[in-house]
Amino acid sequence: MTKAKVLIAEELSPATVEALGPDFEIIECDGADRTALLAAIVDVDAILVRSATMVDEEALGVAKKLKVIARAGVGLDNVDVKAATQAGVMVVNAPTSNIVSAAELAVGLLLASARNIVPANSALTKGEWKRSKYTGVEVADKTVGVVGLGRIGVLVAQRLSAFGVKLIAYDPYVQPARAAQLGVRMTTLDELLAESDFITVHLPKTPETVGLIGEEALRKVKPTVHIINAARGGIIDEAALYQAMVEGRVAGAGLDVYAKEPCTDSPLFSLEKVVATPHLGASTDEAQEKAGISVARSVRLALAGELVPDAVNVQGGQLAEQIKPLLPLAESLGSIACGLADDAVERVDVEVLGEVIEHDVRVLELSALKGVFQKLVHDPVSYVNAPVLAEQRGVEVALTTDKTSPDHRNLVRVRLTLTNGSSVSVAGTVTGAKNIGKVVEVDGFDVDVPVSENMVFFRYHDKPGVVGIVGQILGDAGVNIGGMQVSRDDTAHALIVLTVDSSVPSTVIDSIITKIGAHSGRFVDLV
């Protein structure tokens, strides 16, 4: 069996390769060398990068087998996520790998700024003993304003609380009650600017946050304030900060990120009161190892065809343990429903019933959609591009949930509305310790049939001898029946569902339809 190919395009920790394991063929290239990258990426299944490798539309255009792009870090500036999504390529990163390292660096920059550590060190190494010139300020009893109380902002707040500071924060997405549990008081941005002795920024870079700390904001701060940015360049207007420091409106700054990187020439670097580092937030041995191991695990999951919760271009949310066994079921139901359809699909409705709806079940909609489109298009279909395919084809998609499930602990139903006005509905559940997937309803007929790779469905008017005829014709064709069930309604309309050990030729299906006078007959292949 041919091993999947994984391209490592930048230097990663040895633990990354170890976490990938022996199941893949590992190849390497210098991702910063464009020619080498485009040659190497042609036939790989996955690529692992850091920040120097550009995986853009051009690279994706030649990478016909690519299934996953893994960024061993947080930022995705070097990955064209939109183009990857269009191509059905999963993009994963390591969102929590560097949060401790980033938080610790922010605290380090704050302390270095408060105590003039960098200029004092520089003077001393030049033979100058200047104790009085580099008198600093204590952090204790000061007010620290945290701009952005996300994962890193929380870690910074927790660490600074040990210094005996007063913590305030601005973050429109954090509830005051949650902040209060951390000993943080939420404020407006203007209040934070006016009250803070130290301001530390921990926001993502978005159109709304670029230039947030600019000329106007810097006229609202105390002249004794120290401002720290170890988040993303551009959130602080560097020209405005330089001017404020030159005019004595800001006492000090600690910067690890810049609007344009690499940045080696900035007016801010000429100021003694600026502590500057070259984007070292994630540059620790521990963060690099965590990032590599995290994305290696994601690659393993993605290449096994499983959903990766950290995928940035999958809309399914976090994956609870209770949902995992329902994922392959929903996909199979989508494929079965599509296999039974006799016209083009106009709308896909996914219903989820039972106690599982206490969790985020959006991923089940994705899984069902993946199953539907695997029957409709020739190109590879994934959790990533299934919604894109639906949108491109004008197929409406809806998810409904209900905690009430009368007959089963949990139930997933996929209903297709077709362009001829008819519909197809298939429902299923999982049972037992092994969570065996079962089809329990087809167009209103109650059944109880395990999901199988090969399934056959006939609709007919019930009469004696049908089961024997079906068995005889399949037997003559060399098709072995694994299981069979018949269901009928009050009008003697019947449905027969069979699981078989091999594919069934269309000529055999047509023969059975003729012999039993069936309304319809379909073989559905789930492989």
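Computed from a predicted model, the values in this text were never measured in an experiment.

Thresholds applied
- Residues numbered from 1 in each chain as written.
- Predicted model: local features only at pLDDT ≥ 70, side-chain atom pairs only at ≥ 80, totals over all residues.
- Heavy atoms only, no water.
- Helix = DSSP H or I, 4+ residues; strand = E, 2+ residues; numbered from the N terminus.
- Buried < 20%, exposed > 50% of the residue type's maximum accessible area, 1.4 Å probe, protein only.
- Contact = heavy atoms within 4.5 Å.
- Pairing = 2+ DSSP bridges.
- Axes fitted to C-alpha atoms, helices over the stretch in contact; angles between N-to-C directions.
- Left-handed = near helix turned anticlockwise from the far one by under 90°.
- Nonpolar A, V, L, I, M, F, W, Y, C, P; charged D, E, K, R; others polar.
- Parallel < 35°, antiparallel > 145°, perpendicular 65-115°, else oblique.
- Phe/Tyr/Trp six-rings, centres within 6.5 Å; stacked < 30°, edge-to-face > 60°.
- Lys NZ or Arg CZ within 6 Å of the ring centre and 35° of its normal.
- Core = buried A, V, L, I, M, F, W, Y, C linked by side-chain atoms within 4.5 Å.
- Polar contact = N/O pair within 3.5 Å; in protein donor to acceptor, adjacent residues only side chain to side chain.
- Right-handed = clockwise from strand over helix to strand, strands pointing away.
- Salt bridge = Lys/Arg side-chain N within 4 Å of Asp/Glu carboxyl O.

**Remarks on the overall build of the protein**
Logical step 1: Each helix and strand in the protein was counted, giving 17 helices and 22 strands.
Logical step 2: If one aligns the C-alpha atoms of the protein with their principal axes, the spans along those axes are about 105 × 50 × 40 Å.
Logical step 3: Looking at the protein as a whole, 49% of its 527 residues are labelled buried.
Logical step 4: For the protein, restricting intrachain contacts to residue pairs at least 6 apart in sequence, the fraction spanning at least 24 positions comes to 64%.

**With respect to the sheet that holds strand S17 (residues 436–442)**
Logical step 1: In space, the six strands of this open sheet follow the order S14-S13-S15-S16-S17-S18, with mixed pairing throughout. Looking at the sheet topology across the chains shown, the edges are occupied by strand S14 (396–402) and strand S18 (445–450). In this sheet, neighbouring strand axes are inclined to one another by 20 degrees on average, regardless of whether the strands run parallel or antiparallel.
Logical step 2: Here six bridges tie strand S15 (residues 410–418) to strand S16 (residues 423–431), and the two strands are oriented antiparallel to one another. Pairing of Arg415 across the sheet is with Ser425, part of S16.
Logical step 3: Across the face of the sheet, helix H13 (residues 326–340) comes into contact with S15, S16 and S17 while running at roughly 155 degrees to S16.

**A closer look at the packing of H13 against helix H14 (residues 362–374)**
Logical step 1: With their axes 7 Å apart at the nearest point, H13 and H14 run at an angle of 35 degrees to one another. Regarding H13 and H14, the two cross each other, and that crossing is right-handed. Side by side, H13 and H14 meet where Leu326, Leu327, Ala330, Glu331, Gly334, Ser335 and Cys338 of the first sit next to Val363, Leu364, Ser367, Ala368, Lys370, Gly371, Val372 and Gln374 of the second.
Logical step 2: Its residues assigned to classes, the contact of H13 with H14 shows eight nonpolar, five polar and two charged.

**Notes on the packing of helix H5 (residues 99–114) against helix H7 (residues 151–161)**
Logical step 1: Across the interface, H5 lies against H7 with an axial gap of 9 Å and an inter-helix angle of 50 degrees. Taken together, H5 and H7 sit at an angle that is classed as oblique. Read as a crossing pair, H5 and H7 show a hand that is right-handed. Only Arg151, Ile152, Leu155, Val156, Arg159 and Leu160 of H7 make contact with H5, whose side of the interface consists of Ile99, Val100, Ala102, Ala103, Glu104, Ala106, Val107 and Leu110.
Logical step 2: Residue classes in the contact of H5 with H7 are distributed as 11 nonpolar, no polar and three charged.

**Points about the packing of aromatic side chains**
Logical step 1: In total, this model carries one aromatic pair according to the counting rule given.
Logical step 2: With centroids separated by 5.7 Å and ring planes inclined at 90 degrees, the aromatic side chains of Tyr258 and Phe269 adopt a geometry described as edge-to-face. In this pair, Tyr258 sits in the loop between strand S11 (252–255) and strand S12 (274–276) while Phe269 sits in the loop between S11 and S12, placing the two residues 11 residues apart along the sequence.
Logical step 3: Owing to a relative accessible area of 5%, Tyr258 belongs among the buried residues under this scheme.
Logical step 4: Sitting over the ring of Tyr383, Lys370 keeps its end group 5.1 Å from the ring centre.

**Topic: the nonpolar core**
Logical step 1: Core analysis: the biggest nonpolar cluster contains 73 residues, and Met90, Leu364, Phe373, Leu416 and Val426 have the highest contact counts within it.
Logical step 2: Beyond its immediate sequence surroundings of up to four residues, Leu416 is in contact with Ala337, Cys338, Val345, Arg347, Val348, Val372, Ser422, Ser423 and Val424.

**Considerations on the side chain of Asp349**
Logical step 1: The residue Asp349 is located in strand S13 (residues 345–354) in this model.
Logical step 2: For Asp349, the side chain forms a polar contact with the side chain of Arg347, separated by 2.8 Å.
Logical step 3: Apart from the residues lying within four places of it in its own chain, the contact partners of Asp349 are Ala398, Arg413, Val414, Arg415 and Thr417.

**Overview of the environment of Val100**
Logical step 1: Tracing the sequence through the fold places Val100 in helix H5.
Logical step 2: Take Val100: its relative accessible area is 27%, and that puts it in the partly exposed class.
Logical step 3: It is 9.3 Å that separates the C-alpha atoms of Val100 and Glu286, two residues lying 186 residues apart in sequence.
Logical step 4: Discounting residues that sit within four places of it in the chain, Val100 has contacts with Leu155 and Arg159.

**Some details on the pairing of strand S4 (residues 68–71)**
Logical step 1: On S4, burial covers both faces: Val68 and Ala70 on one face and Ile69 and Arg71 on the other are all buried.
Logical step 2: Handedness of the crossover joining strand S3 (residues 46–49) and S4 through helix H3 (residues 57–62): right-handed.
Logical step 3: With three bridges connecting them, S4 and strand S5 (residues 90–92) associate as parallel partners. Bridge pairing links Ile69 to Val91 in S5.
Logical step 4: As a crossover connection, the stretch from S4 through helix H4 (residues 81–86) into S5 is right-handed.

**Details of unusual backbone geometry**
Logical step 1: Cis geometry is adopted by the peptide bond preceding Pro262, which originates at Glu261 and carries an omega value of 0 degrees.
Logical step 2: In this structure, Pro262 sits in the loop between S11 and S12.
Logical step 3: In this structure, Asp141 takes a positive phi of about 70 degrees despite not being glycine.
Logical step 4: With relative accessibility at 70%, the residue Asp141 sits in the exposed group.
Logical step 5: The backbone phi angle of Asn435 is positive, close to 50 degrees, even though this residue is not glycine.
Logical step 6: Secondary-structure assignment places Asn435 in the loop between S16 and S17.

**What about the pattern of salt bridges?**
Logical step 1: Under the defined criterion, the tally for this structure stands at 27 salt bridges.
Logical step 2: For Arg34, the salt bridge goes to Glu58, with nearest N and O atoms at 2.8 Å. With Arg34 in helix H2 (residues 34–40) and Glu58 in helix H3, this pair connects stretches of sequence that are 24 residues apart.
Logical step 3: For Glu58, a relative accessible area of 46% puts it in the partly exposed group.
Logical step 4: Between Asp197 and Lys222 there is a salt bridge whose closest N-O contact spans 3.0 Å. Separated by 25 residues along the polypeptide, Asp197 in the loop between helix H9 (189–195) and strand S9 (198–201) and Lys222 in the loop between helix H10 (215–218) and strand S10 (226–229) bring together distant segments of the chain.
Logical step 5: Residue class for Lys222 comes out partly exposed when judged on its relative accessible area of 27%.
Logical step 6: A cluster of three or more residues bridged by salt bridges with shared partners is formed by Glu215, Arg219, Glu247 and Arg249.

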